[in-house]
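Coordinates in review
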Amino acid sequence: MPTIPYLPARIEGLAELATNLAWSWHRDVRALFHDLDDVLWHQTRHSPLELLRQVEPSRVAACASDPDYLARYDKVMARFHAEMGDAPGWFDEQYPDHNTGPIAYFCAEFGVHNSVPIYSGGLGVLAGDHCKSAADLHVPLVGIGLLYRKGYFDQQLRLDGWQESADVQFDVEGTPLQRMNAADGTPWLTEVRTSGRDVKVGAWRLMVGRVPIYLLDTDFEENHPDDRGLVSKLYDGGPTHRLRQEWILGVGGVRVLRAMGVKPAAWHANEGHAAFMLLERLREELTAGTPLDQAVDHVRRSSIFTTHTPVAAGHDYFSFEDVAECAGPLWDEVPPTREEILGLGSPADKPDQFHMTVLAIRLSSHINGVSRKHGQVSREIWRGLWPERPVESVPIGHITNGVHLQTWMAAPFMDMMDELYNGAWPAVENVAEWDRVLALEPERIWGAHLHLKEVLFKLIREDARWRFKALWQEASHVVGAGVLLDPSAFTIGFARRFATYKRADLLFHDVERLKKLVSDSHRPVQIIFAGKAHPADDPGKQVLQKVYEFSRDPAFAGRVAFLEDYDMHLAHLLVQGVDLWLNLPRVPLEASGTSGMKAGLNGVPQLATLDGWWHEGFDGLAGWAIPTAEPSTDIATVDAQDAARLYELLHDQIVPLYYARSSGGIPSGWVERMRHAIRLSASRFTARRMVQDYVRAYYVPSMESDSAGDDPPGA
Ligand SMILES: *Cc1c(COP(=O)(O)O)cnc(C)c1O
C-alpha cells in the first residue's frame, strides 16, 4: 500500500478515497481533493495520492475544520460505502441467481487513469472504461493484466520531428496499487515455467470502484535477471519477448486467480494477447484426465473472445519453435501431442504458424468484433476457419464499443445533465429519453464549450512553457506546440496513434488547398494534432514527422500545432475543448474508434470516414461523413478521393456553419449539431450500454454452464 502521511481523524477517509480509482469519475470526490490545494491538483496532473503526499498540513487542517468541506466529505463517504457495500445494483436486480462467480476479464493493458500509466492507447482505455461501467452496474468482474513498471514510453520529438522514446519508471508507491501476498506472507503467488526456468509471479490489486484489477509482476530477486524485467514495458522487445509476456499474462493470470481462491464463472479474453488464458485452462482439464475434445468443449462453454482490429499487424503470431521454447513444453505434461496442441493455433493455410487469434477463436464459444462493420469484416477475415459455412453464418457477432460517460464528459455538461434529469441521468436506459438533450439552451451549451476551449488553450500554453524550459531550449519548438493558436478561431482536433492507416497526413494531401482554408482572414481554421507512433513503426513515425514539419512551417502561420506525449489527460482536454473532431481511417481498417464518442459527449461533432462506429453512428445530424470511395486496390486513388471530399465538406459546409453567428454571437446551426452529438454518444455509445450488451449476450449465457454456444470451427 502506498504510504499516506498523517491526516486528521475527521477526514482520514480521504486516504480510502484516494486508493480506489472511483474518485476519478465522481465529481464530488474530485472536488474534495481539488479543494485541498488547487495548484497542486493541477501540478500532479490529478493524482490524489501525490497531492496528499505534498500538501501543506495547514491546508489539510483548514479543510478539516471547514463545515462546508466536512458536509461534502460526509456525503461522499456515505455514498462510497454504500456503493462498495451489499446494496443491490443493476446486475443483482437483473440476474439475482447469477452469483456463481465473477467474470475474469483478461487484457494486455488497462487505461483507468493517467496516474497509473500502464496503457498505450485505445485498447487499454476501452478496457478501463469496461471495468468502470462494470463497477457502476455491479457486474461481478475481475480484471487481469500486467504491471508495466516502465509503462509505455514518453514521447519526445527531436528538432527535426523524429520521435524518440524516453523510458521512465513510475513510482508504484505513488499509485493506489496494493501487493497481494500469499497466505504464508511470500510476495509471489504462483510460478510459471517458461524458457526452461520457473518464474515467480505476484500480483498487485488496483481497485476501480467495486472491480479489482490484478496486475501481474515478476520483479523478484529470486527470479533470473532476465525474467525480472519480463513485464516491465508494454509492447516492448521482439516477438519472443512479446510471446513470453503473453505467456505470463495468460498462464500466470489463471494461476494467480486460483492461488487467491477466485473461481470465475466466465472468462473473457479481450484481444488475442490474452489467449494463453484459454490454453492454461485446457491444460488444467487435460491434467485432470479429460480427453482433448471434451476439454476443448469445456473451455469453450465459459469463454468469450473479443477481436479488436482487422489490421494484420495487430494479430500476433509466432513460430512453432518459439512457442515450444516458451511453453515449457506443455505436451510433456499432458497426453495430447505437440502437433495437437500447437495445431490449435494454426490456420489451415499456414500450418507452421501459431496465431493467438486462431487459438482464441477455437477455444471460445462467444466471439465478437467491436462495431457492426467490424463484425462483418471479421466474418470475412476468419471465414476460412468454418469452411463449410457461408460468410453470413460465421459465428462472429459484434458489440459496439462505448466510452465511460462520467469519465469523458466534462463537468459543465454533467451539471446540465443533472438539471435535465434531476440527478438520475447516469442510469437513463431508454434511448428516447436522451431526446431531452435537444432542448438544452444554446447559450448554456455554447458558454460551456467556450469555457472548455479556454481550458485547453491555457494547457497548451503552460505545457509549451514547461517543455521550452525543461526539454527543448529551442524557441522554434514553441510555435509548433500551439502557442500562436487563436481561441476564437475554428479548431479541429486529430489525436490518436500514428498508424499509417489512420492517415493523419490526409489533410495535407493538397497543401495549397489546405493553406487557403487555414489562412482565410475572415474564417480561419486551425488544427491540433497529438499522438504517438508505435516505437517499432517507422512509417508511422515518418507521418508524424511530416505533420510536425507543417506545424513549424511559417506558411501555416502558427495555425497547425502538434502536442507531444498524448495520454488520457491530454485526451480529456482535447475531446472537450476543440470544435470539431476528425477521424480519417482508410476504410475498412478501423475496428471501432472511440475518441469521437468522447468528443460527442462534450458536444463536439465528428467528421469521419464511414468506418468503425461511425458506420452505424452517423445520422446526418451529429456530424459529417466522408462517403466511402469506389472500391479500388490503388491506395493513392482512394486517398485522393477522400481528401477531395474532406476539403469540400470543410469549405462548403462545416466552416461556414461554424462562423454563421446570430445576434448574440452564438452559431445556432452549429449548436444544433452539438446537441445531436451529445444525444448520439450518450444514448448509444456509452460503456454502460456496451457492458450491458456483454452481460446479456455473452456473460450470462457463459455463466449458465449448460449453454454450449455456437458451433466450433470445423478446420
Ligand atoms: C480514447 C483514446 C484512444 C483511442 O482513440 P481512437 O479514436 O480509438 O483512436 C487512444 N488514446 C487515448 C489516450 C485515448 O483516450
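Residues numbered from 1 in each chain as written. Predicted model: local features only at pLDDT ≥ 70, side-chain atom pairs only at ≥ 80, totals over all residues. Heavy atoms only, no water.

**Topic: the overall build of the chain**
Across its full length, the chain holds 28 helices and 20 strands. Scaling as 2.2 N^0.38, a compact globule of 715 residues should have a C-alpha radius of gyration of about 27 Å, and the chain matches this with 25 Å. Here the chain, with 715 residues, has 60% of them falling under the buried criterion. Working note: accessible area of the chain is about 27000 Å², and carbon and sulfur atoms make up 51% of it. If you average the places of the 70 positive and of the 96 negative side-chain charges in the chain, the two averages end up 3 Å apart. (Helix = DSSP H or I, 4+ residues; strand = E, 2+ residues; numbered from the N terminus. Rg over C-alpha atoms; globule rule 2.2 N^0.38 Å. Buried < 20%, exposed > 50% of the residue type's maximum accessible area, 1.4 Å probe, protein only. Areas by Shrake-Rupley, 256 points an atom, 1.4 Å probe, with all protein chains shown as cover. Lys, Arg positive; Asp, Glu negative; His and termini not counted. Charge placed at Lys NZ, Arg CZ, Asp CG, Glu CD.)

**Details of the site of the ligand**
Neighbouring residues of the ligand: 14 residues in total, closest Lys 502, Gly 593, Thr 594, Ser 595 and Lys 598. Measuring from an oxygen atom of the ligand, one finds a backbone N or O atom of Thr 594 at 2.9 Å. Ser 595 is positioned such that a nitrogen or oxygen atom in its side chain is 2.4 Å from an oxygen atom of the ligand. Looking at the shell around the ligand, the elements with two or more residues in it are helix 8 (122-137), helix 23 (568-577) and helix 24 (595-601). Split by residue class, the shell around the ligand holds five nonpolar, five polar and four charged. When we break the shell around the ligand down by domain, the ones giving at least three residues each are domain 2 (99-401 + 693-704) and domain 3 (407-685). (Near = heavy atom within 4 Å. Polar contact = N/O pair within 3.5 Å; in protein donor to acceptor, adjacent residues only side chain to side chain. Nonpolar A, V, L, I, M, F, W, Y, C, P; charged D, E, K, R; others polar. Domains from an automatic or database assignment.)

**Considering the nonpolar core**
Buried together is how nonpolar side chains tend to be arranged in soluble globular proteins. Counting 141 residues, the largest nonpolar core has Leu 14, Phe 33, Phe 106 and Phe 110 as its most contacted members. Top contributing element to this core by residue count: helix 28 (residues 687-703), with nine residues. Each of two domains, domain 1 (9-84) and domain 2 (99-401 + 693-704), supplies a minimum of three residues to this core. In contact with Phe 106, not counting residues within four places along its chain, are Ile 144, Leu 249, Gly 250, Gly 253, Val 254, Leu 257, Trp 267, His 268, Ala 269, Asn 270, Ala 274 and Met 277. With 98 residues, the next largest nonpolar core counts Met 417, Phe 457, Phe 556 and Ala 643 among its residues. (Core = buried A, V, L, I, M, F, W, Y, C linked by side-chain atoms within 4.5 Å. Contact = heavy atoms within 4.5 Å.)

**Here we look at helix 6 (residues 67-84)**
Side chains three or four residues apart in an α-helix point the same way, a direct result of the helix having 3.6 residues per turn. Between the first and last C-alpha of helix 6 there are 26 Å, a value that for 18 residues agrees with the 26 Å anticipated at 1.5 Å per step. Considered for burial, the residues of helix 6 that qualify are Tyr 69, Leu 70, Tyr 73, Val 76, Met 77 and Phe 80. On an axial view of helix 6, the arc spanned by its buried residues comes to 125°, and they lie on one face. The exposed residues of helix 6 that point more than 90 degrees off its buried face are Pro 67 and Lys 75. Contacts from the buried residues of helix 6 go to helix 1 (13-18), helix 2 (27-36) and helix 5 (57-64). For helix 6, the capping residue at the N-terminal end is Asp 66, with a side-chain oxygen 3.0 Å from the backbone nitrogen of Asp 68. (Expected span 1.5 Å × (residues − 1). Arc of directions from axis to C-beta.)

**Quick word on the domain arrangement of the chain**
Its domain assignment divides the chain into domain 1 (9-84), domain 2 (99-401 + 693-704) and domain 3 (407-685). Taken over C-alpha atoms, the centre of domain 1 sits 33 Å from the centre of domain 3. Each partner contributes residues to the interface: domain 1 has four residues there, and domain 3 has eight residues. Taken over both partners, the interface formed by domain 1 and domain 3 buries close to 540 Å², and the fraction arising from carbon and sulfur atoms is 44%. The interface formed by domain 1 and domain 3 holds three residue pairs in polar contact (both at pLDDT 80 or more) in total. (Buried area = accessible area lost by both parts, 1.4 Å probe.)

**A few points about the pattern of salt bridges**
Taken as a whole, this structure holds 48 salt bridges when the rule is applied. As a salt-bridge pair, Arg 467 and Asp 463 come within 3.0 Å of each other at their nearest N and O atoms. Residue Arg 467 and its partner Asp 463 are located together in helix 19 (residues 442-472), separated by four residues, close to a single helical turn. Residue classification places Asp 463 among the partly exposed residues on the basis of a relative accessible area of 21%. Here Glu 512 ties to Lys 515 by a salt bridge, and the two come within 3.3 Å at their closest N and O atoms. Of this pair, Glu 512 and Lys 515 are both found in helix 21 (residues 511-518), three residues apart, which corresponds to roughly one turn of the helix. We classify Glu 512 as exposed; its relative accessible area is 51%. (Salt bridge = Lys/Arg side-chain N within 4 Å of Asp/Glu carboxyl O.)

**With respect to the environment of Leu 14**
Of note, Leu 14 is situated in helix 1. Note: C-alpha distance between Leu 14 and Pro 387 (373 residues apart in sequence) is 58 Å.

**Quick look at the side chain of Ser 346**
Looking at the secondary structure, you find Ser 346 in the loop between helix 14 (338-343) and strand 12 (353-355). Note on Ser 346: relative accessible area 9%, which makes it buried. Here Leu 342 takes part through its backbone oxygen, which lies 3.4 Å from a polar atom of the side chain of Ser 346. Those residues in contact with Ser 346 that lie beyond four places of it in its chain are Phe 320, Pro 351, Gln 353, Val 358 and Arg 362.

**So, the pairing of strand 20 (residues 623-626)**
Of the two faces of strand 20, both are covered, the one formed by Gly 623 and Ala 625 as well as the one formed by Trp 624 and Ile 626. In this sheet, strand 20 lies alongside strand 19 (residues 606-609) in parallel orientation, the contact comprising four bridges. Within strand 20, the residue paired with Leu 607 across the bridge is Trp 624. Handedness of the crossover is the feature at issue here: the chain leaves strand 19, passes through helix 25 (residues 612-617), returns alongside strand 20, and the resulting connection is right-handed. (Pairing = 2+ DSSP bridges. Right-handed = clockwise from strand over helix to strand, strands pointing away.)

**Description of unusual backbone geometry**
Backbone torsion omega between Val 587 and Pro 588 reads 5°, so that peptide bond is classified as cis. Here Pro 588 lies in the loop between strand 18 (580-583) and helix 24. In the Ramachandran plot, Ser 195 falls in the positive-phi region, its phi being about 50° despite a non-glycine side chain. Within the secondary structure, Ser 195 sits in the loop between strand 6 (190-194) and strand 7 (197-208). Positive phi is not limited to glycine here, since Glu 271 has a value of about 85°. In this fold, Glu 271 is placed in the loop between strand 9 (266-270) and helix 11 (276-287). Given the relative accessible area of 4%, Glu 271 is considered buried.

**Focus on the sheet that holds strand 19**
Reading across the sheet, the six strands line up as 17-16-15-18-19-20 and stay open at both edges, with parallel pairing between neighbours. This sheet does not close on itself; its edge strands, each paired only once, are strand 17 (560-563) and strand 20. Across the sheet, the mean angle from the axis of one strand to that of its neighbour is 20°, orientation sign disregarded. Contacting strand 15 (490-495), strand 16 (525-530), strand 17 and strand 18, helix 23 runs over the sheet at an angle of about 160° to strand 16. (Axes fitted to C-alpha atoms, helices over the stretch in contact; angles between N-to-C directions.)

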